[in-house]
Amino acid sequence: MKLPRYIAIAKELEEKILNNVYKKNERLPAERVLAEEYNVTRVTVRNAIDYLVLKGLLEKRVGSGNYIKKNTLNLNISEQLSFSEKSHFLNQTPHTDVIEFKEIYADSKLIEIFNCKSDEIFFFIKRVRYLDDIPANLENTYLPKKLFPELSKDIMLGSKYDFVEKTLSIKESYNKITPVLPDKDLVKIFDLKESEPIFYKTSIGISKDDIAFEYSELYFNPKIYEFSFISKR
């Protein structure tokens, strides 16, 4: 299926951004100039720009124009991308520290989420994700052992979703985001003030067979992340 024209243009602009043809904090050419370059209407160009704003590559500055985004990791709450995929857009190097990896029995929370029994065994993994040695988020993840018996600490040093998708197809996730005050561990990890709020997200992953395969709790470094979404009438 042929891509909509605005998506095709957005992908070409994205390649130029990732290859530093357009540099960080640089102003993107005006909509009129881009419309002439791609031989399309300004509406089509505007849609392409809106798409890249949503992906966190561009930002709109009132009265000034559209600019290449500085190194902030944008989390579009309607988009299912892994940390590794997101970090690619920043040309920064991600890496992971696995702080804790163990097997546990289901507690009341997991029993409700996974509709399982108390003797069900889960892997519990606590990870800190970094961008160029800057802590970006802390993640607590619970994965059913019966679905992923081969899971190991070494695997969780890489992409969780790359591993998951070797076993099943991911359909969607149910997410809830709330502001919270960081505890002492998060203050230390993210180098924050105790009174500085951060975003906390819970996420339940659902496979295409409508099976819950993951429950995660994530804490985001406010110096690294911002959130975005599009509202339409």
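The sections below set out a description of the structure shown in this document. (Residues numbered from 1 in each chain as written. Predicted model: local features only at pLDDT ≥ 70, side-chain atom pairs only at ≥ 80, totals over all residues. Heavy atoms only, no water.)

So, about the packing of aromatic side chains. Counted by the stated rule, this structure contains seven aromatic pairs. Centre to centre, the rings of Y6 and Y51 are 6.5 Å apart; their planes meet at 80°, and the pair counts as edge-to-face. In this pair, Y6 sits in helix α1 (residues 5-18) while Y51 sits in helix α3 (residues 42-54), placing the two residues 45 residues apart along the sequence. In this structure Y6 comes out as partly exposed when scored by relative accessible area, which is 30%. Assessed through its relative accessible area of 23%, Y51 is described here as partly exposed. Centre to centre, the rings of F114 and F122 are 4.8 Å apart; their planes meet at 55°, and the pair counts as tilted. Each of the two residues, F114 as well as F122, counts as buried. Through successive ring pairs, a cluster of aromatic residues spans F124, Y142 and Y215. Over the aromatic face of Y67 sits the side chain of R61, whose NZ or CZ is 3.9 Å from the ring centroid. A cation over a ring is seen here: K160 above Y161, with NZ or CZ 5.1 Å from the ring centre. (Phe/Tyr/Trp six-rings, centres within 6.5 Å; stacked < 30°, edge-to-face > 60°. Helix = DSSP H or I, 4+ residues; strand = E, 2+ residues; numbered from the N terminus. Buried < 20%, exposed > 50% of the residue type's maximum accessible area, 1.4 Å probe, protein only. Lys NZ or Arg CZ within 6 Å of the ring centre and 35° of its normal.)

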